[in-house]
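Report on the structure
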Amino acid sequence: MKITKVEPFALHVPITPPITDAINVATHWGLAGVRIYTDEGYVGYGYTGTCAHGDDMIVDTIEKYYAPLLIGKDPFMVKALWDDMRFGKMHWIGRAGVTHMALAAVDIALWDIMAKASNKPLWQLLGGAKSKPIKAYNTNGGWLNWSKERLLKDVTEIVESGFTGVKIKVGKQDPREDYDRCKAVRKAIGDDVIFMIDVNQQWNINTAMTWGKKLEEFDLFWLEEPLNPDDIMGHKKLADELNVPIALGEHVYNKYAFRDYIHQGAVEYCQVDVTRVAGITEWLQVAGLAASYDVPICPHVGDMGQIHQHLVASTQNAIMLEYIPWIRHIFEEPATVKDGHYVLPEMPGASTTVLPRYFEEYRVR
């Protein structure tokens, strides 16, 4: 099999209503990605997730620097191709951010081709089994711009629909407001529901230490991304001092950074995201690294769960997966949750194939 054509793209899918967390305002979810065509008729889809900013840089990187390395190559040589791109012309200015996200999109598309050509869903190609249910937790009711009344209404409805875990955003200018919202949410969902909070890097070490301790009374499952994601020492201090486990990973871009976080005991739930590290190839390496330290994997879903459902189903130390349904309608086989658990895909591939109607409707590049 040979690659014959590489077609980068960018889609912007509306988010209704727009949402905010402590650092982002999102009106659209961006899919900066690629379609890779082969001489045997298989087409692989891969993408990374954005807040619909910077997608042009990701697309340009794929088009100008990665596509020429792929034409005429066998997509099953995914690891060799990964090395060619990772250590190619973009190595000097890359290793994180735009270049890594572009590499993620390409790598995912290659794995999609391999699964389709093997006539298996990716989770099965990777050795997963249906006997491992994937517990889902829901983030889509806890946005920072929600009023307290809407917040409580949404999390209550989420639990009533069958989810056994919810996550809300914190990071208000006055942490006392966060405390009040957390207290109200815990009362609304009851003691048996898993409850997580996400700071989105908004706190400094003193705020995190003070309010992390105060919020312990609400039996938090984890405290997510309390500090700048480059601050390994600060997260280690929190992990040592707080009784709430530290979760992070959505802004950690490569296996070496995860190695340092994990080895120093600065992360207790590893949220490695396949769209931020350089695709499935590197995601599997990080998951294996975490397993050697008995650190659980709970991915951040920059892909909105489409790819991660396959990875969690085939990873022994992956225990749970986030659910945000913003873009599921655009896919040929949407990520689906029933009774609080993901329903494993049946179609061959990585569940990344976009329906033609939505591909054209949302395409901006």
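Just so it is clear, the structure is predicted and the values come from calculations on it, not from any experiment.

Judged by pairing direction, the sheet is antiparallel, and its three strands sit side by side in the order β1-β2-β3 without closing on themselves. The open sheet terminates on both sides in strands that have one partner only, identified here as β1 (3–20) and β3 (43–50). Across the sheet, the axes of successive neighbouring strands diverge by a mean angle of 20 degrees, strand direction being ignored. By the bridge criterion, 13 bridges tie β1 to strand β2 (residues 25–38) in an arrangement that is antiparallel.

Taken as a whole and judged by the stated rule, the model has 17 salt bridges. Taking the shortest distance from any N to any O, the salt bridge between Asp260 and Arg259 comes out at 3.1 Å. Three or more residues joined by partner-sharing salt bridges are found here, namely Glu7, Arg35 and Arg363.

Turning to the packing of aromatic side chains, a few remarks are in order. Within this structure, the stated rule accounts for 14 aromatic pairs. Between Phe221 and Trp222, the aromatic rings sit 5.7 Å apart at their centres with planes inclined by 50 degrees, giving tilted as the arrangement. Overall, the relative accessible area of 24% leaves Phe221 in the partly exposed class. Overall, the relative accessible area of 0% leaves Trp222 in the buried class. Ring centres 5.8 Å apart and planes at 15 degrees place the aromatic pair Tyr358 and Tyr362 in the stacked group. Taken together, the residues span about one helical turn, with Tyr358 and Tyr362 both in helix α12 (residues 356–362) at a distance of four residues. Connected via pairs of aromatic rings, a cluster forms that spans Tyr137, Phe221, Trp222 and Tyr269. For Lys5, the ring lying beneath its charged end belongs to Tyr37, and the centroid distance is 4.9 Å. Cation over ring: Lys214 sits above Trp211, and NZ or CZ is 5.3 Å from the ring centre.

Before going further, it helps to spend a moment on the UniProt feature "domain: Mandelate racemase/muconate lactonizing enzyme C-terminal" (unreviewed entry) in the protein. Listed under "domain: Mandelate racemase/muconate lactonizing enzyme C-terminal" (unreviewed entry) in the UniProt record, and renumbered for this structure, are residues 148–245. Here residues 148–245 runs as 49% helix and 13% strand, with 25 Å between its end C-alpha atoms.

Here the focus is the domain arrangement of the protein. Each assigned domain of the protein is listed here: domain 1 (3–119 + 355–362) and domain 2 (124–343). Each of domain 1 and domain 2 was reduced to a C-alpha centroid, and the two centroids are 24 Å apart. Across the boundary between the two partners, domain 1 contributes 34 residues, which contact 37 residues of domain 2. Each partner contributes to the roughly 3000 Å² buried at the junction of domain 1 and domain 2, and carbon and sulfur atoms together form 68% of this total. On the domain 1 side of the contact with domain 2, Trp29, Tyr47 and Trp111 bury the most area, a combined 19% of that side's loss. Where domain 1 meets domain 2, there are zero salt bridges. Our count for the contact surface shared by domain 1 and domain 2 stands at 16 residue pairs in polar contact (both at pLDDT 80 or more). When residues of the side of domain 1 that touches domain 2 are traced back to their parent elements, those giving at least two are β1, β2, β3, α2 (78–86), α3 (98–117) and α12. If you tally residues by element for the side of domain 1 that touches domain 2, the top one is α3, at nine residues. Of the residues contributing to the side of domain 1 that touches domain 2, the split by class is 24 nonpolar, six polar and four charged.

Turning to the pairing of β3, a few remarks are in order. A regular strand places its side chains on the two faces of the sheet in alternate fashion. With seven of eight residues buried, β3 lies mostly within the body of the structure. The sheet contact formed by β2 and β3 spans eight bridges and is antiparallel. The residue bridging Ile36 from the neighbouring strand is Gly44, located in β3. If you look at the hairpin formed by β2 and β3, you'll find four residues sitting between the two strands, and Gly41 has a positive phi there, around 95 degrees.

Here we come to the layout of surface pockets. Taken as a whole, the largest pocket spans an internal volume of roughly 480 Å³. Lining the largest pocket are 33 residues, and of these Asn24, Trp29, Cys51, Glu250 and Arg276 lie nearest its centre. For the lining of the largest pocket, the secondary-structure elements that each account for two or more residues are β2, β3, α1 (55–70), α3 and β5 (165–169). Here the residues of the lining of the largest pocket sort into 15 nonpolar, eleven polar and seven charged. For the lining of the largest pocket, the two domains that each supply at least three residues are domain 1 (3–119 + 355–362) and domain 2 (124–343).

With that settled, consider unusual backbone geometry. Cis geometry is adopted by the peptide bond preceding Pro17, which originates at Thr16 and carries an omega value of -10 degrees. If you trace the backbone, Pro17 turns up in strand β1. Phi at Arg95 takes a positive value of approximately 85 degrees, unusual for a residue other than glycine. Relative to the helices and strands, Arg95 is located in the loop between α2 and α3. The residue Asp219 is not glycine, and still its phi comes out positive at about 55 degrees.

Burial of strand β6 (residues 194–198) is extensive: five of the five residues sit out of reach of the surface. The side-chain alternation of β6 yields two buried faces, one formed by Ile194, Met196 and Asp198 and the other by Phe195 and Ile197. As judged from the five bridges shared by β5 and β6, these two strands associate in the parallel manner. Its bridge partner lying in β6, Gly165 is registered against Ile194. Between β5 and its parallel partner β6, the chain crosses via helix α6 (residues 175–189), and the hand of that crossover is right-handed. Taking the sense of rotation as the criterion, the β-α-β connection linking β6, helix α7 (residues 205–214) and strand β7 (residues 222–224) turns out right-handed.

Definitions and limits used
Per chain, the residues get numbers from 1 upward, laid out in the order the sequence is written. The predicted origin of the model limits local features to residues at a pLDDT of at least 70 and limits the giving and counting of side-chain atom pairs to 80 or more, whereas totals for whole chains, interfaces and linings rest on all residues. Hydrogen atoms and water are omitted, and side-chain values are computed over all heavy atoms in the structure. Any two strands with at least two DSSP-identified bridges between them are counted as paired. Helix numbers and strand numbers start at the N terminus; a helix is a DSSP run of H or I with at least 4 residues, a strand a run of E with at least 2. Whenever a helix is involved, its axis is fitted only over the stretch in contact; in every case the axis is a line through C-alpha atoms, and angles between N-to-C directions fall within 0 to 180 degrees. By definition here, a salt bridge exists when the distance from a side-chain nitrogen of Lys or Arg to a carboxyl oxygen of Asp or Glu is within 4 Å. In this analysis, rings of Phe, Tyr and Trp, with Trp reduced to its six-membered ring, are considered paired at centre separations within 6.5 Å, and the interplanar angle assigns stacked below 30 degrees, edge-to-face beyond 60, and tilted for intermediate values. Think of it in three bands: residues with accessible area under 20% of the maximum for their type are buried, residues over 50% are exposed, and the middle band is partly exposed, with areas taken using a 1.4 Å probe on protein chains only. A ring is considered to have a charge above it if a Lys NZ or an Arg CZ atom is located within 6 Å of its centre and within 35 degrees of its normal. UniProt positions are given in the numbering used here, feature names are shortened, and annotations may be inferred rather than shown by experiment. Residue ranges for the domains originate in an automatic or database domain assignment. Contact definition: two residues touch when any of their heavy atoms are within 4.5 Å. We define buried area as the total accessible area lost by two parts upon association, computed with a 1.4 Å probe and summed across both. Any pair of nitrogen or oxygen atoms within 3.5 Å is treated as a polar contact; in protein, a donor-acceptor pairing is required on top of that, and neighbouring residues in sequence qualify only through side-chain atoms on both sides. Ten residue types, Ala, Val, Leu, Ile, Met, Phe, Trp, Tyr, Cys and Pro, are classed as nonpolar, four, Asp, Glu, Lys and Arg, as charged, and the remainder, Gly among them, as polar. Here the term cavity refers to a set of points on a 1 Å grid, laid over the protein atoms alone, in which a 1.4 Å probe fits but cannot get out; the term pocket refers to an open set having protein on both sides within 12 Å along at least five of seven lines, with lining residues being those that place an atom within 4 Å of a point. Grid points are joined across faces, edges and corners, and a volume is the space filled by probe spheres set on the points. Call a crossover right-handed when, viewed with both strands pointing away from you, the route from the first strand across the helix to the second goes clockwise.

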